[in-house]
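Single-letter residue listing:
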Amino acid sequence: MTETAVIGLLVATVQFATLIYLAALGELIVERSGVLNLGVEGMMAMGAVSGFIMALATDSPWIGFAFAALVGMAVAGIHAVVSVVMGAGQVVSGLAVTIGGLGLAAFIGQDAVRERADAVFTDMSIAPLADIAWIGPILFDQPPVVYLAVVLGGAVWFVLNRTRLGLALRAVGESASTTDSVGHSVTLLRSGAVLVGGAFAGAAGSFLSLYMAAGWTEGLIAGRGWIAVALVIFGAWRPGRLAAGSLLFGFTLALQPRVQTFDLEILGLQVNTISPALLGILPFLLTVVVLIAISFRARHRPNPAPAALTIPYRREER
Amino acid sequence: MRFKNSTRLIAAAAVLALLGAACGGDDDDPGDVTAAFVLVGPVGDAGWNWAHDQGRQYAEDETGATTLFVESVPENAEDFKAVAIDYIENEDADVIFGTSFGYMDPMLELAEEYPDVVFEHASGYKMNDSNFGNYFGRMYQPRYLSGMAAGAMTETGRLGYVAAFPIPEVIRGINAFTLGVREVNPTAEVHVVWTSTWFDPAVEGDSAKALLESGADVIAMHQDSTAAGVEAQNAGARWVAYNSDMREFAPDAFITAPVWNWGPRYAATIEAVADDSYTPGSYWGGMADGIVDLAPLADDVPSGIADRINEVSEQIREGEWDVFTGEIRGQDGAVRVAEGATMTDGDMLGMDWFVEGVVGDPGA
Amino acid sequence: MACDGASLSVRAGTIHALLGENGAGKTSLVNVLGGVYLPDAGEIRVHGAQRQFHSPADAIAAGIGMVHQEFRLVPTLTVAENIALGSAPRYLNMARINERVSRLASAYSLDADPTRPVWQLSVGERQRVEILKALWRDADVLVLDEPTAVLTPTEADDLALALRAMADRGRSVVYISHKLDEVLSVCDEATVLRGGVTVAQQLSLTGVERSDLAQMMVGEAAAETPRPPEQDSGEVVLALESVSALSDRGLPALRSVDLDVRSGEIVGVAGVSGNGQRELAEVVAGLRPLTSGTVRLLGDDVAGSSPKARSRSGLGYVPEDRLGVGLAPRMSVVDNSVMRSYPAMRRGVMLDLRRCEDFCKQLVDRFGVRVGRMHDHASALSGGNLQRLLLGRELSGEPRILVAAQPTRGLDVAGISAIQEQIVAQRNAGVGVLLVSEDLDELLALSDRLVVMYEGRIAARLDPRTATRAEVGAKMAGSGA
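Remember, predicted model here, so these are calculated numbers, not experimental data.

A. Examining the overall build of chain C more closely. Broken down by element type, chain C carries 17 helices and 20 strands. Expected size for 481 residues packed as a compact globule is a radius of gyration near 23 Å; at 24 Å, chain C falls within 12% of this value. The 481 residues of chain C split such that 46% are buried. Across chain C, contacts joining residues at least 24 apart in sequence account for 68% of those joining residues at least 6 apart.

This is the structure in structure tokens:
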């Protein structure tokens, strides 16, 4: 294993982590408000295709990225209206958004499939930090979206924990009737959260089409929206743990191809014989382990899941 | 979801209405034949489905037959049958081409139900004795040639191969490529990374990156997207593409590509259907039949190597020599094919071992 | 019509009792005050100014703070976060908010650690947080709905002190309660509702007798519950030996409980809610598994036998949760009444509907259940009628053992005495009764023997003929155990 290979592994870890962190951060906001959004996959697809087309049209990855967030938000609007305003089943609505979003993205993107985008994100090195050995290339020579994700993570933590809005959002995810009784609008809080979550998912999708795959094809998202949904559980609905979890998930994703190139023996096991397919299910396996751990711990403390998750709220039913 | 309600059908119906339905007649004019193509993905994938659609267009131009196609039909019996039956009942299709492995069993069933319609299945192995046959190409032949070009272009002697699944078709390709590489560069190694997906640009690109980081300077692939090529270009490395001539996606990296050329086969089948001479079989055509080929080499491939490639290519076309002719050793150095012997088609179709020079696990 | 021309005037600086039977309109009136219901007619004046409440937010803005029976708290948030929710500054400086909460708490002797998450708090502490929430928003009028129902006697005393402190600072307290003694000791004035109408307004409570208040509430002199005549008890019908069980949260709820009930006696179980009484009743009914020990019904070990089998062998069970466990709210009164006796109502594989209706009618008549139509949903019945229906159904199986959990909770005076009469009648007829209740007066009046539960153990076994309220209260609070 060479230095290049190790750095490459960690660079890819950070990038995969960024991709799922962005989507999961949005989903975290949504779930903390008490709404489950299973439409992440569809919102990411819509963001990926529209961001790519917009970047082609304007020659600017940033405009594409912003547009992807807007489109993600628009798609999330459907989920907000159906599940929050009308109070219909969140699971069904979310799945419908995923299926519809994937289909619509494929339709919209038909002509973009063979396009090569030159207007994609490129690595942005932060001098002089990028020159530090090891750390530099891993952390400070990345596409700007990586840095943005770090900033957004901090911002989400701040809003959740240090503002009135965040307090209300945390409360509405635990008990909508309580939040209503102190004068906050449950519908407004939850719809807002769903829309912001959609913007994050859309932006995450465009990170795929505007950097990681640098192009659009049907099937581009390939289940990463679902990894994001699992990651929120893994991260116990906290932005900090979510960041740690996304690095771990990102590491398993980056390891998948690389472990096959490592001529390395650990504890008598030749690592390049580890099945990459097995590594592929590791994030989901880890999530199940965390779920089990949570249910054991829940005997002594409250479950970290927002108590009102998936429960629609209607005032007259309290 | 019932297919009848899907937009796919509505779109297909609209296209057909515009084309106008040409009836299959009983005389020998292939222009009267209606041929329907069922594709597993979008024709815009630049890969597998695009190649089949190129073949369809070629056959239509050659024979004057009416051709119809539908994209992105899932590999399950219900969806496939709904599409095929619609073509047969409403469009009088005379021949149905199914271009994905998973269509095999529903095609066999439909062939019994509709004895007057010909069913041709790509990449499968089942057939009947009246109206259901299969066809595929000896892609390993151009893969060997592409390996020769790659072996000449590597500087580090370390090549990377981004591969989908460890199945005989893919393993055969890797082995053929490696034999080609070592023909011109006897000490070179081909490192394999399995992606467990036919189509996931992010994973394919990242796998190429991983190989590049481990020291490879040429990337070959058995995948359906162009992502590996883009990564190779970004790293200043070289790329052997697959399926079609993909040079426009990574012009600096592109060396060559083993490509599909389904057109002649499709034209021949349509003509056989037209004059009632069709008999089902297991068609496995090679470079001699034109169903597979090598894309033009990049300009910087040394002319000496280009000449050798042409020479071997000629031998293969003439049937003087084939790729899996001994002596061939396995990964462990043991002789797998004796000097002068040639592997049978059956052995090739069940290949589950790597030749010497491949680094990777054929059972991963 | 829940409220028809009801009036309530509360003077600043007083603790004002709102009295009335269940269904007298207290809850409706309070909901109007809290902005939950819109009144069809009438007006609300706060400090003389007319106000219209369209939502809870309007009521809060007008200075009205509600403390409901079910707390409106977010368990995962801290005390301070719960208090600040709804009226926090845009950016939270939790250190400063915590400090302000502490100061407010100590000003009213409402001891609370602002940094603790609410799920860690006891019921009494949670109530304090609810009160602090109202004070935080500077509520002039604090409305408490049955505030002592969930408190230990000591906690109730502390609450009374805190409320007095508020009144002394010029705030008003509306105190809704059934417990007349408590009202007399805590409140200054009272409003009495009956049938949605105010029967007494701004009644000064100085020198008023308990029986006067009771009479105003029911419209006739309410008899004190008489002790049933002494009688000899028979053989043991229910025996618990070293029974332990877990709560819903997986924590020990019963710790090695020994208890037996003989035929023809009422064994009362006292305790503050959450000390294992509910689990005790469920263990006997077969709804909760044992972790150790044995339960014998009529001498047989019933370990592993289902609730149905226990019911067949002579157990009647009136659960605490009438509309969840006891009755099916969305099934008709008829269906609910025959649930226990389906086999007897069969004709072939079908139910004999006529016989079901006859059975239901009998039950309704015998137990005085007031129903509109027999095919109405059970959820349409009032609390007292639900309880009569449930009790009637359980007694229709002619049980030899009756477990009744909180059978009179939330019922009006008439309902309480009807239910108590039935229970006593069963005891006189030789049924062994296990009576779980939080109403000490009821337990002291009805029981032949009394046990007090504290933290899952039987903390005391008392003779109800000689025990005093204070004595029982002390045992309930765990002192001297």
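B. The interface of chain C and chain A, seen in detail. On the side of chain A, 18 residues touch chain C, which itself brings 21 residues to the contact. Among the elements of the structure, helix H2 (56–61) and helix H3 (79–84) of chain C are those that each provide at least two residues to the side of chain C that touches chain A. When residues in the side of chain C that touches chain A are grouped by element, the largest group, three residues, is from H2 of chain C. A breakdown of the residues in the side of chain C that touches chain A according to their chemical character gives 14 nonpolar, three polar and four charged.

C. Main features of the domain arrangement of chain C. Residue and element names in this part refer to chain C. Here the domain parsing of chain C yields domain 1 (15–218) and domain 2 (236–476). Of note, the centres of domain 1 and domain 2, computed from C-alpha atoms alone, are 32 Å apart. Across the contact, 10 residues belong to domain 1 and 13 residues belong to domain 2. Counting residues per element, the side of domain 1 that touches domain 2 draws most heavily on helix H8 (residues 210–218), which supplies three residues. Tallied by class, residues from the side of domain 1 that touches domain 2 come to six nonpolar, three polar and one charged.

D. Just the environment of glutamine 54 of chain B, in detail. Of note, glutamine 54 of chain B is situated in helix H2 (residues 48–63). The spatial distance from the C-alpha of glutamine 54 of chain B to the C-alpha of asparagine 131 of chain B is 24 Å, given a sequence separation of 77 residues.

E. Structural view of the sheet that holds strand E14 (residues 315–318) of chain C. Residue and element names in this part refer to chain C. Ordered by their spatial adjacency, six strands build an open sheet running E14-E17-E18-E11-E19-E20, and the pairing between neighbours is mixed. Because the sheet does not close on itself, it has two edges, and the strands there are E14 and strand E20 (457–462). Between one strand axis and the next, the sheet turns by 20° as a mean value, whatever way the strands run. Here strand E19 (residues 449–454) runs beside E20; their pairing, made up of five bridges, is antiparallel. From the neighbouring strand, methionine 453 faces E20, where its bridge partner is isoleucine 458. Against the sheet, helix H15 (residues 413–428) contacts strand E11 (266–270), strand E17 (401–405) and strand E18 (432–436), and its axis sits at roughly 150° relative to E18.

F. Structural context of the packing of helix H6 (residues 144–162) of chain A against helix H11 (residues 239–258) of chain A. Residue and element names in this part refer to chain A. Look at H6 against H11: their axes get within 9 Å of each other, and the N-to-C directions meet at 155°. When the interaxial angle is binned, H6 and H11 end up roughly antiparallel. For the pair formed by H6 and H11, the contact residues are Gly153, Val156, Trp157 and Leu160 on the first element and Pro239, Gly240 and Ala243 on the second. Its residues assigned to classes, the contact of H6 with H11 shows five nonpolar, two polar and no charged.

G. Focus on the domain arrangement of chain B. All names here are of chain B. Per the domain assignment, the segments making up chain B are domain 1 (3–137 + 261–289) and domain 2 (140–257 + 295–359). If you average the C-alpha positions of domain 1 and of domain 2, the two centres end up 31 Å apart. Each partner contributes to the interface: domain 1 provides 10 residues, whereas domain 2 provides 13 residues. Among the elements that make up the side of domain 1 that touches domain 2, the one with the highest residue count is H2 (three residues). Considered class by class, the residues forming the side of domain 1 that touches domain 2 number seven nonpolar, two polar and one charged.

H. Examining the interface of chain A and chain B more closely. Between chain A and chain B, the residue contacts involve 29 residues of the former and 29 residues of the latter. Those elements that place two or more of their residues in the side of chain A that touches chain B are helix H1 (3–32), helix H9 (186–212), H11 and helix H12 (276–297) of chain A. Residue contributions to the side of chain A that touches chain B peak at four residues, all from H1 of chain A. Its residues assigned to classes, the side of chain A that touches chain B comprises 13 nonpolar, 12 polar and four charged.

I. The nonpolar core, seen in detail. Among the nonpolar cores identified, the biggest contains 352 residues, and Ile20 and Ala48 of chain A, Val38 and Ile219 of chain B together with Tyr175, Val403 and Leu435 of chain C are the most heavily contacted of them. When residues of this core are assigned to their parent elements, the largest contribution, 17 residues, is made by H1 of chain A. Residue contacts for leucine 435 of chain C: discarding those within four places in its chain leaves Ile266, Val267, Gly268, Val269, Ala404, Ile423, Leu443, Leu446 and Ser447 of chain C.

J. Structural view of the pairing of strand E7 (residues 189–194) of chain B. Residue and element names in this part refer to chain B. Taken across its six residues, E7 has six buried, putting it largely inside the fold. The side-chain alternation of E7 yields two buried faces, one formed by Glu189, His191 and Val193 and the other by Val190, Val192 and Trp194. In this structure, strand E6 (residues 158–163) lies alongside E7, joined through six bridges in parallel fashion. Bridge pairing in E7 links leucine 159 to valine 190. For the crossover from E6 across helix H6 (residues 168–184) to E7, the handedness is right-handed.

Rules of the game
- Residues numbered from 1 in each chain as written.
- Chains lettered and ligands numbered in written order.
- Predicted model: local features only at pLDDT ≥ 70, side-chain atom pairs only at ≥ 80, totals over all residues.
- Helix = DSSP H or I, 4+ residues; strand = E, 2+ residues; numbered from the N terminus.
- Rg over C-alpha atoms; globule rule 2.2 N^0.38 Å.
- Buried ≥ 20, exposed ≤ 12 C-beta atoms within 10 Å, placed from the backbone.
- Contact = placed C-beta atoms within 7 Å.
- Nonpolar A, V, L, I, M, F, W, Y, C, P; charged D, E, K, R; others polar.
- Domains from an automatic or database assignment.
- Pairing = 2+ DSSP bridges.
- Axes fitted to C-alpha atoms, helices over the stretch in contact; angles between N-to-C directions.
- Parallel < 35°, antiparallel > 145°, perpendicular 65-115°, else oblique.
- Core = buried A, V, L, I, M, F, W, Y, C linked by C-beta atoms within 7 Å.
- Right-handed = clockwise from strand over helix to strand, strands pointing away.

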